Amino acid sequence: MAKNTSSSAFRKIDVDQYNEDNYKEDECGESQSPPVGPDEKEITNFLNQYPFNKNSVEALKTVLRNAPISSRNQMVKDAALNIVMQVLLSVKSTQIEEAVNALDRDQLDILMKYIYRGFETPSEGSSGQLLAWHEKVHAVAGVGCIVRVLTDKKRV
């Protein structure tokens, strides 16, 4: 047993600051330049030029690159989701693998976030297409992609 049990030096550490319920997100980045999200006109131009070729892959890359992950504005996130769903549903199921192989790891993680977000709000015929996308992304990125998406605090 300790000789000096009346010492209270160990009580100076605030252990409650590490509690997950007290987590506060960083607010400095949001006030400087709020993310706008993908440009709908640019994506529509990509999709309307040809049914599927490099333009659909470029549209997908552009949407994922400009994803409003750190935004707190739900309207911006919903608008970005609608654009991403438009791009995902415009790609034929036989050409999904080609599109997924053209993406890097970070883009695959963001794409998986949008796939899960699309599952939350299904529309007519979107669930089957999203399952096909999920299968192809899982085949390329593995289980780690799913774990990173489910444990990430930043949502799309």
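Residues numbered from 1 in each chain as written. Predicted model: local features only at pLDDT ≥ 70, side-chain atom pairs only at ≥ 80, totals over all residues. Heavy atoms only, no water.

With an unreviewed UniProt entry as reference, the protein chain is termed Actin-related protein 2/3 complex subunit 5, source organism Daphnia pulex. Under the UniProt heading Function (unreviewed entry), the note attached to the protein chain is "Functions as component of the Arp2/3 complex which is involved in regulation of actin polymerization and together with an activating nucleation-promoting factor (NPF) mediates the formation of branched actin networks. Arp2/3 complex plays a critical role in the control of cell morphogenesis via the modulation of cell polarity development." Under the UniProt heading Subcellular location (unreviewed entry), the note attached to the protein chain is "Cytoplasm, Cytoskeleton". (UniProt positions renumbered as here; feature names shortened; annotations may be inferred.)

Student: Which parts of the structure should I look at to understand helix 7 (residues 126-141)?
Tutor: Think of an α-helix as 3.6 residues a turn; residues three or four steps apart then line up on the same face. For helix 7, which comprises 16 residues, the first-to-last C-alpha distance of 22 Å matches the rise-based estimate of 22 Å (1.5 Å per residue) to within 8%. For helix 7, the full list of buried residues reads Ser126, Gln129, Leu130, Trp133, His134 and Val137. Down the axis of helix 7, the buried side of the element spans an arc of 140 degrees, and every buried residue falls inside it. Residues Leu131, Glu135 and Ala139 are exposed on helix 7 and point more than 90 degrees away from its buried face. (Helix = DSSP H or I, 4+ residues; strand = E, 2+ residues; numbered from the N terminus. Expected span 1.5 Å × (residues − 1). Buried < 20%, exposed > 50% of the residue type's maximum accessible area, 1.4 Å probe, protein only. Arc of directions from axis to C-beta.)

Student: Would you explain helix 4 (residues 74-90) in this entry?
Tutor: For helix 4, with 17 residues, the first-to-last C-alpha span of 24 Å sits near the 24 Å given by 1.5 Å per residue. Every buried residue belonging to helix 4 is among Val76, Lys77, Ala80, Leu81, Ile83, Val84, Met85, Val87 and Leu88, and all of these are buried. For helix 4, the N-terminal cap is asparagine 73; the gap from its side-chain oxygen to the backbone nitrogen of methionine 75 is 3.1 Å. (Polar contact = N/O pair within 3.5 Å; in protein donor to acceptor, adjacent residues only side chain to side chain.)

Student: Would you take a moment to explain the nonpolar core for this structure?
Tutor: The tendency in soluble globular proteins is for nonpolar side chains to be buried side by side. Among the nonpolar cores identified, the biggest contains 32 residues, and Leu60, Leu111, Tyr114, Trp133 and Val137 are the most heavily contacted of them. Within the residue set of this core, elements represented by two or more residues are helix 3 (54-65), helix 4, helix 5 (96-101), helix 6 (105-120), helix 7 and helix 8 (143-151). With seven residues, helix 4 is the largest single contributor of residues to this core. Those residues in contact with valine 137, other than ones at most four positions away along the chain, are Val100, Leu108, Leu111, Met112, Ile115, Gly142 and Cys145. (Core = buried A, V, L, I, M, F, W, Y, C linked by side-chain atoms within 4.5 Å. Contact = heavy atoms within 4.5 Å.)

Student: Where do I start with the packing of helix 4 against helix 7 in this structure?
Tutor: Packed helix pairs are characterised by how far apart their axes lie and by the angle those axes make with each other. Helix 7 packs onto helix 4 with a crossing angle of 80 degrees between their chain directions and a minimal axis gap of 10 Å. Here helix 4 lies roughly perpendicular to helix 7, going by the angle between them. For the pair helix 4 and helix 7, contact is made by Met85, Leu88 and Leu89 and by Ser126, Gln129, Leu130 and Trp133, respectively. Broken down by class, the residue content of the contact of helix 4 with helix 7 amounts to five nonpolar, two polar and no charged. (Axes fitted to C-alpha atoms, helices over the stretch in contact; angles between N-to-C directions. Parallel < 35°, antiparallel > 145°, perpendicular 65-115°, else oblique. Nonpolar A, V, L, I, M, F, W, Y, C, P; charged D, E, K, R; others polar.)

Student: Whenever I open this one, the pattern of salt bridges confuses me. Can you help?
Tutor: If charged atoms from side chains of opposite charge come close, those side chains can pair. Summed over the entire model, instances satisfying the criterion amount to five salt bridges. The shortest N-O distance in the salt bridge between glutamate 97 and lysine 136 comes to 3.9 Å. With glutamate 97 in helix 5 and lysine 136 in helix 7, this residue pair connects regions lying 39 residues apart in the sequence. For lysine 136, a relative accessible area of 24% corresponds to the partly exposed category. With a closest N to O distance of 3.9 Å, arginine 117 and glutamate 120 form a salt bridge. Linking arginine 117 with glutamate 120, this pair stays in helix 6, spanning three residues, or about one helical turn. Judged by relative accessible area, which is 60%, glutamate 120 ranks as exposed. Through salt bridges with shared partners, one network takes in Asp78, Arg117 and Glu120. (Salt bridge = Lys/Arg side-chain N within 4 Å of Asp/Glu carboxyl O.)

Student: What exactly am I supposed to notice about the packing of helix 4 against helix 6 here?
Tutor: Running from N to C, helix 4 and helix 6 cross one another at 95 degrees; their axes reach a closest spacing of 10 Å. When the axis of helix 4 is compared with that of helix 6, the two are roughly perpendicular. Contact with helix 4, carried on its side by Gln74, Lys77, Asp78, Ala80, Leu81, Val84, Met85 and Leu88, involves Leu111, Tyr114, Arg117 and Gly118 of helix 6 and no other residues of that element.

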